[in-house]
Amino acid sequence: MQIAKTHRVAGGELSYATHESAATGTQMRLSVFVPPGAGPFPYLIWLSGLTCTEDNFTTKAGAYAAAAEHGIAIVAPDTSPRGEGVADDPAYDLGQGASFYVDALQPPWAPHFKMERYIVSDLIEAVEASFPLASRRSIFGHSMGGHGALTLAMKHPQLFKSVSAFSPISSPTRCPWGDKAFNAYLGADRDAWRLHDAALLVEAGKASQFDDILVDQGTADSFLATELKPELLEEAARKVGQKITLRRRDGYDHSYFFIATFVSEHVAFHAARLA
């Protein structure tokens, strides 16, 4: 772990860092906030959305005062591998900055776009070896990162105590963003896509470990009807009796202004389950 710079914030320390990932075969960037005190601290992993880096949440979400209050660290990795030789696409919703947190199977993405394995293996191992973090963690995210948080929590329930999301892509097998990304990364076999669809995983009973899943969604979100479709999460939860608290926030959009308004409530939600 190479620390590029540190900042004092909310009584704790924020580090920008890089490390080598075996999963992606690249150097990966991240930020880590450690609250005041001796630790080791339970922590949250935040997964950001399309076009974002490790810096969006770090500078815009305003989460660190709440994290310090609850004695929780926050890890915010980049959204994809980057660098020379890493495949990319001119579109904002494919390639670098748009990994969808899956392990790609198709060329030219397969050599480096192994983001599921990166998050659940390399990232966790690296931050717990380098910072005063306990092996008690939860996960949350926004949009593409909300999709990633939900699916990774349900696919790897032994790793996470709780999960929440802002404006998640609830069922990528049934929206244009998911159709484009999954065709590119996973190939034409739609059965393989089902393992990366939050609503379908809930319907399959994969969320049963979690007593509740917290989701906030703005009603003025321009992506709500075509890409996000939170009603599919609700429908799946009703079918299997899974508790999901879906809060529709009147007038809020898809931006970090929305996240900053309610992020302290998500931190408190996870703190109660990490205690």
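Residues numbered from 1 in each chain as written. Predicted model: local features only at pLDDT ≥ 70, side-chain atom pairs only at ≥ 80, totals over all residues. Heavy atoms only, no water.

1. A look at the nonpolar core
Defined as follows: Here, nonpolar core refers to any group of buried Ala, Val, Leu, Ile, Met, Phe, Trp, Tyr and Cys residues whose side-chain atoms link them within 4.5 Å. Buried, partly exposed and exposed residues are distinguished by accessible area as a fraction of the type maximum, computed with a 1.4 Å probe on protein chains only: under 20%, between the cut-offs, and over 50%, respectively. Only DSSP runs of H or I covering at least 4 residues are called helices, and only runs of E covering at least 2 are called strands; the numbering of each starts at the N terminus. In what follows, residue pairs with any heavy atoms lying within 4.5 Å of each other are defined as contacts.
Counting residues in hydrophobic clusters, the biggest one holds 67 residues, and the most contacted among them are Ile 45, Val 75, Phe 100, Val 127, Ile 139 and Tyr 185. Ranked by residue count, the leading element in this core is helix α3 (residues 115–130), at seven residues. With residues near it in sequence (within four places) discarded, Val 75 still touches Leu 30, Ser 31, Val 32, Tyr 43, Leu 44, Ile 45, Trp 46, Leu 123, Val 127 and Leu 133. In terms of nonpolar packing, the next biggest core, distinct from the first, is built from 26 residues, Cys 52, Phe 57, Ala 61 and Tyr 64 among them.

2. Comments concerning the side chain of Ser 138
To keep it simple, the criterion reads: What qualifies as a polar contact is a pair of N or O atoms within 3.5 Å, subject to a donor-acceptor requirement within protein and to the restriction that residues adjacent in sequence count only when both atoms come from side chains.
For Ser 138, the location among the structural elements is in strand β6 (residues 133–142). Reaching out from Ser 138, the side chain makes a polar contact with the side chain of Ser 162 at a distance of 2.6 Å. When sequence neighbours within four positions are dropped, the list of residues in contact with Ser 138 reads Tyr 43, Leu 44, Ile 45, Phe 160, Lys 161, Ser 162, His 270 and Leu 274.

3. Quick word on helix α5 (residues 176–186)
Within an α-helix, residues lying three or four positions from one another point in the same direction, as the helix has 3.6 residues per turn. Cut-off, in case you're wondering: Directions pointing from the helix axis toward each C-beta atom define the arc.
Looking only at α5, the buried set comprises Trp 177, Gly 178, Ala 181, Phe 182, Ala 184, Tyr 185 and Leu 186. Along the long axis of α5, the arc covered by the buried residues comes to 165 degrees, so they all point the same way. On its buried face, α5 sits against α4 (144–155), α6 (190–193) and α8 (224–228).

4. Some thoughts on the pattern of salt bridges
Rules: For this document, the term salt bridge refers to a Lys or Arg side-chain nitrogen within 4 Å of an Asp or Glu carboxyl oxygen.
Considering all chains together, one arrives at 16 salt bridges under this definition. Note that Glu 54 and Arg 29 form a salt bridge whose closest N and O atoms lie 3.2 Å from each other. Of the two residues, Glu 54 sits in helix α1 (residues 54–60) while Arg 29 sits in strand β3 (residues 26–34), which places them 25 residues apart along the sequence. With its nearest N and O atoms 2.6 Å apart, the salt bridge here joins Asp 78 to Arg 82.

5. Here's the deal with the sheet that holds strand β2 (residues 12–21)
We apply this condition: Between any two strands, at least two bridges found by DSSP are needed for them to pair. Angles here are taken between N-to-C directions and fall from 0 to 180 degrees, while the axes themselves are lines fitted to C-alpha atoms, restricted in helices to the stretch in contact.
The strand order across the open sheet built from nine strands is β1-β2-β3-β5-β4-β6-β7-β8-β9, with neighbouring strands paired in mixed fashion. The sheet is open, and its two edges are formed by β1 (2–9) and β9 (244–249), each paired on a single side. Pairwise comparison of adjacent strand axes, ignoring direction, gives a mean angle of 20 degrees for this sheet. In this sheet, β2 lies alongside β1 in antiparallel orientation, the contact comprising seven bridges. Paired with Gln 2 across the bridge in β2 is Thr 18. Its contacts with the sheet put α4 on β4 (41–47), β6, β7 (163–166) and β8 (213–218), and the angle it makes with β6 is roughly 135 degrees.

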